Amino acid sequence: MHVDLALVGFGSVGRRFVRLLGERRDRLCRDHGLECRIIGIATRRHGWSVARDGINLSDVLARVEAGLALGLPNGPPALGASDVISALSRSAADLRVMIETTTLNIADGQPAIAHVEAALDAGCHVVTANKGPAAFAYRRLRDRAAANGLSFLFEGAVMDGIPVFNLVRETMPAIDIIGFRGVVNSTTNHILSAMEDGEEFQPALTRMQAEGIAEADPSLDVDGWDAAAKTAALANVLLDADLTPHGVDRVGIGPASASAARAAKAQGRRLRLVASAARIPGGTVRAAVRPIELPPDDILGRLRGMANALILSTDVLGDVAITQSSGGLTQTAYALLSDLIAIARMHHA
Ligand SMILES: NC(=O)c1ccc[n+]([C@@H]2O[C@H](COP(=O)([O-])OP(=O)(O)OC[C@H]3O[C@@H](n4cnc5c(N)ncnc54)[C@H](OP(=O)(O)O)[C@@H]3O)[C@@H](O)[C@H]2O)c1
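Rules used in this analysis
- Each chain has its residues counted from 1, following the order in which its sequence is written.
- Only residues with pLDDT of 70 or above have their local features reported here, since the model is predicted, and side-chain atom pairs are shown and tallied only from 80 upward, although totals for entire chains, interfaces and linings are computed over all residues.
- The basis for every side-chain value is the complete set of non-hydrogen atoms in the structure, without hydrogens or water.
- Should a side-chain nitrogen of Lys or Arg be within 4 Å of a carboxyl oxygen of Asp or Glu, the pair is scored as a salt bridge.
- Only runs of H or I of at least four residues qualify as helices and only runs of E of at least two qualify as strands under DSSP, and these elements are numbered from the N terminus.
- Exposure classes here rest on a 1.4 Å probe applied to the protein chains alone. A residue is buried below 20% of its type maximum, exposed above 50%, and partly exposed in between.
- An axis is simply a line fitted to the C-alpha atoms; with a helix, the fit covers only the stretch in contact. Between two such axes, the angle follows the N-to-C directions and lies from 0 to 180 degrees.
- Geometric relationships in this document are graded by angle, where less than 35 degrees denotes roughly parallel, more than 145 denotes roughly antiparallel, 65 to 115 denotes roughly perpendicular, and other angles denote oblique.
- Each crossing gets its handedness from the near helix: less than a right angle anticlockwise from the far helix is left-handed, clockwise is right-handed.
- Pairs of residues are marked as contacts when any of their non-hydrogen atoms sit within 4.5 Å.
- In this classification, the charged set is Asp, Glu, Lys and Arg, the nonpolar set is Ala, Val, Leu, Ile, Met, Phe, Trp, Tyr, Cys and Pro, and all remaining amino acids, among them Gly, are polar.
- Throughout, near means a residue has at least one heavy atom within 4 Å of the molecule or strand.
- Whenever two N or O atoms come within 3.5 Å, that pair is a polar contact, provided that in protein one can donate a hydrogen and the other can accept it, and provided that, for residues adjacent in sequence, both atoms are side-chain atoms.
- Working definition of accessibility: Shrake-Rupley area with a 1.4 Å probe, residue cover restricted to the visible protein chains.
- Among buried residues, those of type Ala, Val, Leu, Ile, Met, Phe, Trp, Tyr and Cys that are joined through side-chain atoms within 4.5 Å constitute a nonpolar core.
- Pairing between two strands requires that DSSP report at least two bridges joining them.
- Definitions used throughout: a 1 Å grid over protein atoms alone; a cavity as a set of points that fits a 1.4 Å probe which cannot get out; a pocket as an open set with protein on both sides within 12 Å along at least five of seven lines; a lining residue as one with an atom within 4 Å of a point.
- Grid points are joined across faces, edges and corners, and a volume is the space filled by probe spheres set on the points.

Here the focus is the pattern of salt bridges. Throughout the structure, instances matching the rule amount to 27 salt bridges. The shortest N-O distance in the salt bridge between Arg142 and Asp240 comes to 3.7 Å. Taken as a pair, Arg142 in helix α6 (residues 132-147) and Asp240 in the loop between α11 (225-238) and β8 (249-250) lie far apart in primary sequence, 98 residues in all. For Arg142, a relative accessible area of 31% gives the class partly exposed. The residue Asp226 makes a salt bridge to Lys230 at a minimum N-O spacing of 2.8 Å. Of this pair, Asp226 and Lys230 both sit in helix α11, separated by four residues, roughly a single helical turn. A residue is classified by how much of its surface remains accessible, and Asp226, at 8% relative accessible area, is buried. By relative accessible area, Lys230 is classed as buried at 10%.

Where helix α1 (residues 12-23) meets helix α3 (residues 57-65), the closest approach of the two axes is 11 Å, and the angle between their N-to-C directions is 155 degrees. When the axis of α1 is compared with that of α3, the two are roughly antiparallel. Here α1 runs over α3; the crossing is left-handed. Counted together, Arg15, Val18 and Arg19 of α1 and Leu57, Leu61, Val64 and Glu65 of α3 form the full contact between these two elements. For the contact of α1 with α3, the class distribution of residues is four nonpolar, no polar and three charged.

A separate point is the site of the ligand. Taken together, 25 residues are adjacent to the ligand, and Phe10, Val13, Arg45, His46 and Thr102 come closest. Residue Val13 places a main-chain N or O atom 2.8 Å away from an oxygen atom belonging to the ligand. Between an oxygen atom of the ligand and a main-chain N or O atom of Thr102, the distance comes to 2.7 Å. Burial of the ligand by the protein chains amounts to 81% of its free accessible area of 900 Å². Elements with a minimum of two residues in the shell around the ligand: α1 and α13 (329-347). Here the shell around the ligand is built from residues that sort into eight nonpolar, 13 polar and four charged.

Looking now at the nonpolar core. Note on soluble globular proteins: their nonpolar side chains tend to be buried together. The biggest cluster of nonpolar side chains holds 77 residues, and the ones touching the most others in it are Phe152, Phe180, Ile191, Leu234, Ala235, Leu310 and Leu312. Considering each element in turn, this core owes the most residues, nine residues, to α11. Setting aside anything within four residues of it in sequence, one finds Leu234 in contact with Val158, Val164, Phe165, Phe180, Leu239 and Leu310.

For residues other than glycine, phi is negative in most cases, and the peptide bonds are mostly trans. Looking along the chain, the bond that leaves Gln110 and enters Pro111 is cis, with omega of 5 degrees. Its identity is not glycine, yet Ala174 carries a phi of approximately 60 degrees, on the positive side. Mapped onto the fold, Ala174 is located in the loop between α7 (165-171) and β7 (177-183). On the basis of relative accessible area, Ala174 is assigned to the exposed category, the value being 82%. The phi dihedral of Asp240 is positive, around 55 degrees, even though this residue is not glycine.

As a further point, take the sheet that holds strand β4 (residues 95-100). Strand order across the open sheet formed by six strands is β3-β2-β1-β4-β5-β6, with mixed pairing between neighbours. Both outer strands of the open sheet, β3 (48-50) and β6 (152-153), are each paired with one neighbouring strand and no more. Direction of pairing for strand β2 (residues 35-42) relative to β3: antiparallel, over a ladder of three bridges. Each bridged residue has a counterpart across the sheet, and for Ala42 the counterpart in β3 is Trp48. The sheet strands contacting α1 are β1 (2-8), β2 and β4, and the helix crosses β1 at an angle near 160 degrees.

What follows deals with the layout of surface pockets. Approximately 430 Å³ is the volume found for the second largest pocket. Lining the second largest pocket are 20 residues; nearest its centre among them are Tyr138, Arg142, Phe154, Arg169 and Val237. Contributing elements (two or more residues each) for the lining of the second largest pocket: α6, β6, α7, α11 and α13. Looking at side-chain class alone, the lining of the second largest pocket contains 13 nonpolar, two polar and five charged residues.

The following block contains the structure:
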C-alpha cells in the first residue's frame, strides 16, 4: 500500500519521526505492506517544500539542522501549511496522512486545530503529537473526521509513545472509564524528586534546562499548563468531557514546593503534581492538576525523575495502571508511527 505523508511542523519530533520511518522502512513494508513517502513539509521559520515524487529527506534534514530554509522561500506560515495539505490532497496514494507536530499554543490550540481541519476537509487522515487539537477541540475534530470517513489520532500527545488512547480504543471495548489519576509531566516530576532530595527549586530547574529536560521558557511545565492540556485531552477522549486546559483546576509548582516536598518525604510521603479527572453526580466532568501529598504505597508516589504513570478507573476491570520509566523524542516519534499503522489497518483491512 502506498502512503503519502505531509508534515506540518519539522522540529525535534518531526525530524525524529522521519528518521524512524527510514529505520523501520523494511519492517513497515514486510509486516504491514506499507511504502511511505513524504511529499510535503511546512515549518514556521524554515520555509516549506513540496515534491510530488517524494522529498529528498537526507537533504532537508541536513538543511534544517544547519539552520537553512527547506528549499522554497519563506512564506507566511498559513501558506506553507495549506500548500502542503493541498498537495497531499491531490496525491493518488492509497492512503494520505497529514502529520502535525507544530508547537502547542496554550491560549487556544491554534493554528494546529486549523491544520487538522484543513487536512480532514481535504480528505486526508491526521496524526498529531500536539496536545492542542484534542485538548481544545476534540469533539468537533472527532465528528468531522467521522463524517468524512477519516481518522484523527494523537497517541503522542500524552505520555509520548506509551499507548493510552490506542490501549483503551483497541483493548477495552464495552468498558466505561470512570476517571483517572496520573503524573503526566516529566519536568515537574524531575524537579519535585530533586527537591525532596534537598535541592532548591531554581537550581533544580536551571540544571534541568542545562540537561535539555526543561524548556528555556519552563512556564508551560512548572505552572501546570502542559499537564492541564494533557488532562483536558484525556478527559475529552476517555470521559467524553468537553473541556479545554483553561477549564482544568490548575496549581503548578514553585520555590515554596521545596519545603513541602521535603516535609512530605520526612513523613514517608511524596509530593507529586497529580493530574486527575472524574465524572461527578449530574454528569459533568471535573478535572484538576495540583501538587498532592501521596502515601508511600501509591503508584504515583513511587515515580521519580522522568517517570510518568496514568491510572484509569474502570467499571469492569477496576484500576488499570500504565507507567513509563522515561519518555522523549523517540517514543513520541514512535507514537506517530504506531498511529500511522493503526490508520492503515483501519482503512485498508
Ligand atoms: N519533544 C517531545 O519530546 C514531545 C513529546 C510529546 C509531544 N510533543 C509535542 O509535539 C509537538 C512538536 O514538538 P517539538 O519538540 O518537535 O517542537 P519544536 O522542535 O519546537 O518544533 C515545532 C515545529 O513546528 C513548526 N511550526 C510552528 N508553528 C508553525 C506553523 N504555524 N506552521 C507550520 N509550522 C509551524 C516549527 O517551525 P520552525 O522550526 O520553522 O519554527 C517547528 O518545525 C509539540 O506540540 C509538542 O508539545 C513533543
